[in-house]
Amino acid sequence: MATTSGKSSGTASRRSAGKPARPGQTTDGDTKASKAKATKAATRASAAKSAVAKPRTNAAPVKQAAKAATKTTAGKSAARSTKTAARPAAKTATKSPTRTAAKSAAKAPAKAKAATGKGAGATKRIAAKPGKAPAAKTTARKASAAKPSARTTTTAKAATGKAGAGKAATAKTAKAKTAKAKAAAAKRGNTATAKAKTTKTANTTRAATKATARKTAAGKTATKAATRKTAATKPATTKTAAAKTAAAKAKQAAAKKPARAASPARGRAATAKTATRTTTTAKPAKTAKAATPTKTKTKPATKTKAATQTKPKTKAATKPAAKTKATTKAKATTKTPTKATAAKAAPARGRSASTAVQRPAAASKRAAAKPTAAKTTPTKTTAAKTTATKPAATKRGAAKPATPALPASRPASRASRAATATRRTAQAERRSAPPPTVRRGAGPAEAKRPATAPSTRPAKPRTTPAPRKAAMPDGVKVLGKLAPRFEEILTAEALGFIAALHRRFDGRRRDLLKARAERQARFDAGELPDFLPETRHIRQHPWKVAAIPPDLHDRRVEITGPTDRKMIINALNSGAKVFMADFEDANSPTWANMVEGQINLKDRWHSAVFDHTDPDTGKRYELGDDPAVLMVRPRGLHLVERHLEVDGAPVAGSLFDFGLYAFHNAKAALADGSGPYLYLPKLESHLEARLWNEVFLHTESTLGIHRGTIKATVLIETLPAAFEMHEILHELKDHVAGLNCGRWDYIFSFIKTLAQTPDFILPDRGQVVMGKAFLKAYAQLLIQTCHMRGAFAIGGMAAQIPIKDDPERNEAAFAKVRADKEREAGDGHDGTWVAHPDLVPVAMAVFDRLMPGKNQLDELREDVDFGQAELLEVPQGTRTEAGFRENIRVGVRYIEAWLSGKGAVPLYNLMEDAATAEIARAQIWQWVKYGAKLDDGTQITPALFETVLHEEMARLRQEIGAEAFDYGRFAEATQLFHKLSLAAEFEAFLTIPAYALID
């Protein structure tokens, strides 16, 4: 028989630390008890005989009373009464001078306890105390040995409760008389009276139960581990509720299901929560009369299997399995366990079933005692018969609770328990996934897994959740649709960086735009642009810009284009020294274009292989071994990104483009031997350059990179900026790398700035060239200014593209490019722009021939002496009907492409961008406003414009086909171009109203 940690009794456990008492051995406690009561033994012999007879006579009523008690909600009271009724006989038996009387007295309470499923005796864990004579002690052990022969698995605490009868035998004669009266009450079925009379005894024995639990040593390590796991996985309050629910469900299930189904299933469920494996080695039990307590070894494990069968020997064995079994088989058994018995088998936690029902809160708060897997085989038919009236034996293990047992708590009402059990059953049925498994150390309420469930708790089955969006910084709202990989760019950290830029600098940006409008109003009133007198000292004093990185020293040929993946790879592989990835004029600022462009640029710096496969042709493009230096042009200060709001306002497109690129790529570019290099568009004053310098300083500080790491080349593409080139370089001197001649936008700016002055009407766009008038002056002044300050001067764009189907025309186009680049190299430019990879070798050959060094910083161009007059000189030329019609046709076609998401559009053998459409609509507006005459004398009027517009759209419909024309956005483009051309006031940028027409 397995005992609690190998202890034979409550007294022996406190003194011997788990050593079993041999049959016939008298302990120190026995000797003292014998001396104290030796003089009274003879006088009470007759009383002992009569007390022995009564339990035998009343054994059947005792069994019946126990069975009735376990089938009612008042099972607790009946169990306690039955236990107490049997105790007087045991007390008297220990004092009997005869061996036979002691044997009878011990068997009677054993049978009574078996009938009640160990009842309250097992619950209270009454420590057994041997009597005066060794024979009496042996008889008590024999009575105790009858229990495990019928019960399949036993707990140490239940064994302690069985031994409690022996200890109670040392009580006074008055207690024996009281117990005798209680036995009579149990016979009559008056359980209420028996409960009242046993209250005092129960209180007395509770202290002994606590002491026994505290002294239990075996299973200490396993218990602590289980306690820690339980605390980590489930709060104590949850365990308490689960214990109550399980107890209620056990009762409900027992009342509805057959006993044969309830017993093994509930037994398995109750023991499934076992977190350790204990191996118990017991001596063979030769007879039921002389059973030697076994020694218990405890070792940790996660799975326990216990099977009890009728065999000639008693053997404890433990096997790891995915579940815990409790199979009870007794070949000599004549009856099956009752429903109530099966229900009580569920909560196997080192205590009896009745305890789990009566004290669910205490059961869940105490550290779980790990049961011992034992195979117990009865050897006598009498013991096997007893099993029929006993509950299915639960496994008992030797374990010491982490804390003393808590006082019993009041069980939940029957209605509450039934409602809880019904709710949990319905929830389990609704689950389509496999039922959850038991948490280690969980209470009985959680032991619901099927026989094949694993002992460790897996992750809760659920469908794969949608990707979680990163938490947005306060005040930031993304209004654009999120496509694949957008989250790589629009991270919380990156958006927080953009928000910081917006809050710090957007107010300044809006003030500068207001200052632009105020100055334009002065120009409209007749004031002309000129050099600023307040900054004369900057222009006259010697100073230099900061050192420029080595990879920007040779910029002889630069190529530009939008940020689509194929274009980036082709441009970087084109053989040009620099590629400018354009978020501005060569790009339509759709939400997808802007974010996908950032993804492509990030892949340039972060991908081991930067490639692209054309979905239409299947051709693969991959970055080569010697790519061009990458520079990025963000949008101008006047544009916004309405798909991202900070504090309810759209962020500036310039801060959005720059901020995301710098945040994701600045350090990666530096690690690759380059850096965060930029082009800044559309500046109109040195105050705007000052704003950008402060943005750079803030960015370098935030990202933790050195001051001056960011380098920018400023596009001088506005007329006011041409008068402040020294000042712009001075404001950015720690971050500037050079200036660029943005010729096409400069022509547009010339018209816009002087729009209200009829003296500045320009000829056909084709006649406004770089070698004449204001364009020549501004280009050469730019070279002089840059070289004086140690910055690079980059030439303008050659917009020609190859004409592959006409070699003659193709050669003519290449000749124009060649002539333009020879002029630039001869003037002293350090590099130039081309729009197509096929033009890179043409421009490269010219600069290689005319500029053998990396640059021409030594060409100071001290001969240049241009002032306001030269910078405002209007080129000579004519206005022709062909030029008039071309402006209308090109302007509408480009706007339609821009609205469709394309920023760089090949039109009539030229690569056009937004600057082309700006020049076209600006010239139409200027000619119509002032009634300019064509070279044939025809005056340009609004009516003429509308007539030609209608004719050109009909021509365009024929050129591209009716289906393409109708499918495209030509109606919107035509309407917008018409509105801008005939507006009373000149619109500053067509991209502002056009932006409202895209996503």
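It should be emphasised that the depicted structure is a prediction, and the values quoted were computed from it without experimental measurement. (Residues numbered from 1 in each chain as written. Predicted model: local features only at pLDDT ≥ 70, side-chain atom pairs only at ≥ 80, totals over all residues. Heavy atoms only, no water.)

### Things to note about the overall build of the protein
So, step 1. A count of helical and extended segments in the protein gives 40 helices and 19 strands.
So, step 2. Residues counted as buried form 56% of the 999 residues belonging to the protein.
So, step 3. Pairs at least 24 residues apart make up 80% of the contacts formed inside the protein by residues separated by at least 6 positions.
So, step 4. Element-wise, carbon and sulfur atoms account for 54% of the exposed surface of the protein, whose accessible area totals about 41100 Å². (Helix = DSSP H or I, 4+ residues; strand = E, 2+ residues; numbered from the N terminus. Buried < 20%, exposed > 50% of the residue type's maximum accessible area, 1.4 Å probe, protein only. Contact = heavy atoms within 4.5 Å. Areas by Shrake-Rupley, 256 points an atom, 1.4 Å probe, with all protein chains shown as cover.)

### Let's talk about the environment of His612
So, step 1. With respect to the helices, strands and loops of the structure, His612 is situated in strand β8 (residues 611–613).
So, step 2. Along the backbone, His612 and Met567 are 45 residues apart, and their C-alpha atoms lie at a distance of 9.9 Å.
So, step 3. Among residues more than four places away in sequence, those in contact with His612 are Arg565, Lys566, Ile569, Lys619, Arg620 and Tyr621.

### Points about the UniProt feature "active site" (unreviewed entry) in the protein
So, step 1. UniProt feature "active site" (unreviewed entry): in the numbering of this structure it lies at Arg633 and Asp913. For the residues just named, distributed over 281 residues, the greatest C-alpha separation is only 14.0 Å, placing them together at one site.
So, step 2. Tracing the backbone shows Arg633 in strand β10 (residues 629–633).
So, step 3. Leaving out residues up to four positions away in the same chain, Arg633 has contacts with Met580, Ala581, Asp582, Phe583, Glu584, Asp585, Ala586, Tyr679, Pro681, Leu715, Glu717 and Trp833.
So, step 4. In this structure Asp913 touches Asp585, Ala586, Tyr894 and Gly903, once residues within four positions along its chain are discounted.
So, step 5. A polar contact is formed between the side chain of Asp913 and the backbone nitrogen of Ala915, at a distance of 3.0 Å. (UniProt positions renumbered as here; feature names shortened; annotations may be inferred. Polar contact = N/O pair within 3.5 Å; in protein donor to acceptor, adjacent residues only side chain to side chain.)

### Considering helix α31 (residues 773–789)
So, step 1. Taking 1.5 Å as the rise per residue, α31 with 17 residues should run 24 Å; its terminal C-alpha atoms sit 25 Å apart, in good agreement.
So, step 2. Of all 17 residues making up α31, 15 are buried, and the element is well covered by its neighbours.
So, step 3. Where α31 terminates, the next one or two residues include Gly790, which has phi positive at roughly 80°. (Expected span 1.5 Å × (residues − 1).)

### Some points on the pattern of salt bridges
So, step 1. Going through the model one piece at a time under the given rule, you end up with 53 salt bridges.
So, step 2. Across the salt bridge formed by Arg955 and Glu952, the nearest N and O atoms sit 3.8 Å from each other. Residue Arg955 and its partner Glu952 are located together in helix α37 (residues 942–960), separated by 3 residues, close to a single helical turn.
So, step 3. Relative accessible area serves as the criterion here: at 38%, Arg955 is assigned to the partly exposed category.
So, step 4. Salt bridges sharing partners connect three or more residues here, namely Glu881, Arg885, Arg889, Arg893, Glu951, Glu952, Arg955 and Glu959. (Salt bridge = Lys/Arg side-chain N within 4 Å of Asp/Glu carboxyl O.)

### Regarding the packing of aromatic side chains
Centre distance and the angle of the planes are the two values used to describe a pair of aromatic rings.
So, step 1. Within this structure, the stated rule accounts for 18 aromatic pairs.
So, step 2. Where Phe750 meets Phe760, the ring centres are 5.9 Å apart and the plane angle is 75°; that geometry is what we call edge-to-face. With Phe750 in helix α30 (residues 743–753) and Phe760 in the loop between α30 and α31, the pair connects residues that are 10 residues apart, well separated along the chain. A single burial state applies to Phe750 and to Phe760, both of which are buried.
So, step 3. The ring centre of Trp605 lies 4.1 Å from the NZ or CZ of Arg604, which sits over that ring.
So, step 4. Sitting over the face of the ring of Phe989, Lys752 holds its NZ or CZ atom 4.0 Å from the ring centroid. (Phe/Tyr/Trp six-rings, centres within 6.5 Å; stacked < 30°, edge-to-face > 60°. Lys NZ or Arg CZ within 6 Å of the ring centre and 35° of its normal.)

### With respect to the sheet that holds strand β12 (residues 649–652)
So, step 1. Across the sheet, which stays open at both edges, the 3 strands sit in the order β5-β11-β12 with antiparallel pairing between neighbours. Of all strands in the sheet, those bounded by a partner on one side alone are β5 (476–478) and β12. Taking each pair of neighbouring strands and ignoring which way they run, the sheet shows an average axis angle of 55°.
So, step 2. Across 3 bridges, the pairing between β5 and strand β11 (residues 640–646) is antiparallel. Residue pairing in the sheet places Lys477 in a bridge with Glu645 of β11. (Pairing = 2+ DSSP bridges. Axes fitted to C-alpha atoms, helices over the stretch in contact; angles between N-to-C directions.)

### Thoughts on the packing of helix α35 (residues 881–899) against helix α39 (residues 970–981)
Relative orientation and spacing of two packed helices are given, respectively, by the angle between their axes and the distance between those axes.
So, step 1. Axis separation between α35 and α39 bottoms out at 8 Å; the angle between their running directions is 125°. By the angle between their directions, the pair α35 and α39 is classed as oblique. Our pair here, α35 against α39, has a crossing hand that is right-handed. Contact residues: Asn887, Ile888, Gly891, Val892, Arg893, Ile895, Glu896 and Leu899 in α35; Phe970, Glu972, Ala973, Thr974, Leu976 and Phe977 in α39.
So, step 2. When grouped by side-chain class, the residues that make up the contact of α35 with α39 number 8 nonpolar, 3 polar and 3 charged. (Parallel < 35°, antiparallel > 145°, perpendicular 65-115°, else oblique. Left-handed = near helix turned anticlockwise from the far one by under 90°. Nonpolar A, V, L, I, M, F, W, Y, C, P; charged D, E, K, R; others polar.)

### Thoughts on the side chain of Thr699
So, step 1. Within the secondary structure, Thr699 sits in helix α27 (residues 686–703).
So, step 2. Overall, the relative accessible area of 1% leaves Thr699 in the buried class.
So, step 3. Sequence-distant contacts of Thr699, defined by excluding residues within four places in its chain, comprise Phe497, Leu501, Phe658, Ala662 and Ile710.

### Topic: the pairing of strand β14 (residues 711–716)
So, step 1. Among the 6 residues in β14, 6 count as buried, and that is most of the element.
So, step 2. Judged from the 4 bridges that link them, strand β13 (residues 677–680) and β14 form a sheet pairing that is parallel. Counted as the bridge partner of Tyr679 is Thr713 from β14.
So, step 3. With respect to chirality, the unit in which β13 leads through α27 into the neighbouring parallel β14 is right-handed.
So, step 4. Judged from the 5 bridges that link them, β14 and strand β15 (residues 736–741) form a sheet pairing that is parallel. By the bridge assignment, Thr713 is partnered in β15 with Gly738. (Right-handed = clockwise from strand over helix to strand, strands pointing away.)

### Looking at helix α22 (residues 492–524)
So, step 1. When the terminal C-alpha atoms of α22 are compared, their 45 Å separation across 33 residues agrees well with the 48 Å that a helix rising 1.5 Å per residue should span.
So, step 2. The sharpest bend along α22 measures roughly 50° and falls at Phe505. (Bend = angle between axes of the 7 residues up to and from the residue.)

### Observations concerning the confidence of the model for the protein
So, step 1. Put simply, the protein has an average pLDDT of 73, and 53% of its residues get 70 or more.
So, step 2. Across residues 88–171 the pLDDT falls below 50, and counting only partners more than four positions away or on other chains, this stretch makes 263 contacts in the model. (pLDDT = per-residue confidence, 0-100.)

### Remarks on the nonpolar core
So, step 1. In this structure, Phe579, Trp692, Phe696, Ile716, Leu732, Phe750 and Tyr778 are the most contacted members of the largest nonpolar core, which totals 115 residues.
So, step 2. When residues in this core are grouped by element, the largest group, 10 residues, is from α31.
So, step 3. Taken together, domain 1 (476–872) and domain 2 (881–996) each give at least three residues to this core, which thus spans both.
So, step 4. The contacts of Leu732, once residues within four sequence positions are left out, are Leu680, Ala689, Trp692, Asn693, Phe696 and Val714.
So, step 5. Val890, Tyr894, Met953 and Ile998 belong to the second largest nonpolar core, which has 35 residues in total. (Core = buried A, V, L, I, M, F, W, Y, C linked by side-chain atoms within 4.5 Å. Domains from an automatic or database assignment.)

### Section: the side chain of Glu641
So, step 1. Checked against the element boundaries, Glu641 lands in strand β11.
So, step 2. Glu641 sits in the buried class, given a relative accessible area of 0%.
So, step 3. Apart from residues no more than four positions distant in its own chain, Glu641 is found in contact with Trp591, Met594, Arg635, Pro650, Val651, Ala652, Gly653, Phe656 and Tyr995.

### Focus on unusual backbone geometry
So, step 1. Even without being a glycine, Lys682 presents a positive backbone phi close to 60°.
So, step 2. On the secondary structure map, Lys682 appears in the loop between β13 and α27.
So, step 3. Here Ala773, not a glycine, exhibits a phi torsion of approximately 50°, which is positive.
So, step 4. Residue placement: Ala773 occurs in helix α31.

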